[in-house]
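The primary structure of each chain is shown beneath.
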Amino acid sequence: MSENDRYFFIDESVPVDPISGERPIKLKYCSGGQWKVSSTDTYMPCYNPSTGAVIALAPQCSSEEVEETVQAAKKAFVGWSTTPVSKRVQVLYKMKALLDENLEELTVLLAKEMSKKYQEAMGDILKVTEVVEFACGAPHIMKGEALMQVSTNYDTSLYREPMGVFAGIPPWNFPAMIPHGWMTPICIATGNCMVLKAASFVPQSAMRVMELWKEAGIPDGVINVITAGRDQAELLLRHPDIKGISFVGSTKVGLHIYSTAAAHGKRVQALCEAKNHALVLRDCKLERTAQGIMNAFTGCAGQRCMALPVIVVENAIADELVALLKKFSSEVTLGKAWLPDTGMGPVVNEGHRQFVTGWIDKAEQEGASIILDGRNPELPEGCEKGFFVGPTIVDHVTEEMSCGRNEIFGPVLCIKRVENFEEGLALMNDNPFGNGSVIYTQNGYYARQFAYRTHAGMVGVNVGIPVPLGIFGFTGHKQSFFGDLHVMGRDGFNFFTESKCVTQTWFPEEGEIDTKVDTWDGTITSMPTDK
């Protein structure tokens, strides 16, 4: 592959990074099937969070370059939307094979740029593959509905059709899964085109996967990738050629995107913050529950909207559970994210490290008990300048404390104590967010009551991270989601398509026909006079 075909280039004027001793690469943007060097003078540093080294520089593309990508997608839509769906999915079949072939490379790249440990980074890539596989079912899932003789001599068929150009605005915490899993496969399988604004902190995974789409045979302009600032992203929300926006990020920004884009006539799915809670009943399998909770709050260093940052535990077992959680969490080893033996990686950058440790400070100030403190963790050689926060456990958190209600997005577990099931469920349902909700119990009655009565969209019974497979939707509720149609599942296909109903009647070539036409032109089932 020549340098012109790669997503990056070497600029000898860029200083060597003092930590790594290597020169950071400069990244391009992809428009109309071509990797291009941006005209901007503004580049954002991208770090290896495990070491603190700058590994790449991401361009903050100009408004003109954003417009260029939109027009490239608009041009590509003409041919792609009329390509038979059975041929469109052939590209996805090839893409699945390429993802499998390049899994190890993609895993290490993602771990180095974002901070997920090796197994988590591999899962990020495998989640792309999962939705690509699901989207290969487009020929079946896009099938419409039809009924002959809906009224006398009239037939009606419903079709689902692509709409045009969509914009994807993914976050930094899942650099591959969200842009190229949640957003892209169903969009293009249904015949649309995509402009992805990759997260500037962590754009390399999205760009490398874009190279694989090109290798798989995606036509020029069907998928375009840029990095840009907020002002340029704002153009996408109002652009007349953009038909819809898929966004994942904070609730504040999500609400702005939802209200702005919807006001400009666009479809929007905005997946936002969470503060997932788990109710732990006294009859749970205590040690297995503690292991599940530890995994759920330390996984991805807590940087996922389906993390488990709060448990609501019955007082009868609270002390014993807290002791187990402290024991298991203390055993988590920190280290370079891409090494298979690392137990937990760092957070994404220094600004986020300070944000997370600031919340631990706040919890202490609010009167909570710091049972395990990760603010100054011991680090292995080579990680001294990395952005690490160790597992942190905060006990005796009350509803008045902001640390128990706001998203911290780090490896911090808040513990709230209650007397019984009803008190715990009421406390959880008062949560303004509604992504995940979990119960740990061996009691089938309480498990069913919880699943029925909890106010969240993804429910786990003894499952700490109840993320559904791509064949289902990612169904957040309340302030965790703004929109009507979720990502993935059947909702995903409905979001990227619009319905068209065709009603028809035909007349005989010979003989007399009834020339009388009533006000409904035959499209009402019957009139009283017909009986």
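Residues numbered from 1 in each chain as written. Predicted model: local features only at pLDDT ≥ 70, side-chain atom pairs only at ≥ 80, totals over all residues. Heavy atoms only, no water.

Topic: the sheet that holds strand E15 (residues 310-314)
Okay, so step 1: In space, the seven strands of this open sheet follow the order E16-E17-E18-E15-E14-E20-E21, with mixed pairing throughout. One side of each edge strand has no neighbouring strand; the edge strands of this open sheet are strand E16 (369-372) and strand E21 (458-461). The average undirected angle you get between the axes of adjacent strands in this sheet is 20°.
Okay, so step 2: The sheet contact formed by strand E20 (residues 436-440) and E21 spans four bridges and is parallel. Within E21, the residue paired with valine 438 across the bridge is glycine 460.
Okay, so step 3: In the packing of helix H14 (residues 444-453) onto the sheet, contacts are made with strand E14 (277-280), E20 and E21, and the angle to E20 comes to roughly 170°. (Pairing = 2+ DSSP bridges. Helix = DSSP H or I, 4+ residues; strand = E, 2+ residues; numbered from the N terminus. Axes fitted to C-alpha atoms, helices over the stretch in contact; angles between N-to-C directions. Contact = heavy atoms within 4.5 Å.)

Overview of a nonpolar patch on the surface
Okay, so step 1: Taken together, the side chains of Leu469, Ile471 and Phe472 present a nonpolar region at the surface, about 320 Å² in accessible area.
Okay, so step 2: Within the secondary structure, leucine 469 sits in the loop between E21 and strand E22 (477-478). (Patch = residues over 30% accessible without salt bridge, like charges linked within 9 Å, V, L, I, M, F, W, Y side chains within 5 Å. Areas by Shrake-Rupley, 256 points an atom, 1.4 Å probe, with all protein chains shown as cover. Salt bridge = Lys/Arg side-chain N within 4 Å of Asp/Glu carboxyl O.)

Remarks on empty space enclosed by the protein
Okay, so step 1: All chains considered together, the criterion is met by two cavities of 30 Å³ or more.
Okay, so step 2: The volume enclosed by the largest cavity comes to roughly 110 Å³.
Okay, so step 3: As for the largest cavity, its lining consists of 15 residues, of which Gly302, Arg304, Ala307, Pro309 and Phe409 are closest to the centre.
Okay, so step 4: Contributing elements (two or more residues each) for the lining of the second largest cavity: helix H13 (421-429), strand E19 (433-434) and E20.
Okay, so step 5: Partitioning the lining of the second largest cavity into residue classes produces three nonpolar, nine polar and two charged. (1 Å grid on protein atoms, 1.4 Å probe; cavity = no way out; pocket = protein on both sides within 12 Å on 5 of 7 lines; lining within 4 Å. Points joined across faces, edges and corners; volume = space filled by probe spheres on them. Nonpolar A, V, L, I, M, F, W, Y, C, P; charged D, E, K, R; others polar.)

So, the environment of glycine 492
Okay, so step 1: Mapped onto the elements of the fold, glycine 492 is located in helix H15 (residues 489-495).
Okay, so step 2: It is 23 Å that separates the C-alpha atoms of glycine 492 and methionine 207, two residues lying 285 residues apart in sequence.
Okay, so step 3: Beyond its immediate sequence surroundings of up to four residues, glycine 492 is in contact with Ile186 and His486.

So, the layout of surface pockets
Okay, so step 1: Taken as a whole, the largest pocket spans an internal volume of roughly 1200 Å³.
Okay, so step 2: Around the largest pocket sit 35 residues that line it, and Trp172, Arg230, Gly249, Ser250 and Val253 are the ones nearest its centre.
Okay, so step 3: Mapped onto the lining of the largest pocket, the elements with two or more residues apiece are helix H8 (230-238), strand E12 (242-248), helix H9 (251-263) and helix H12 (350-365).

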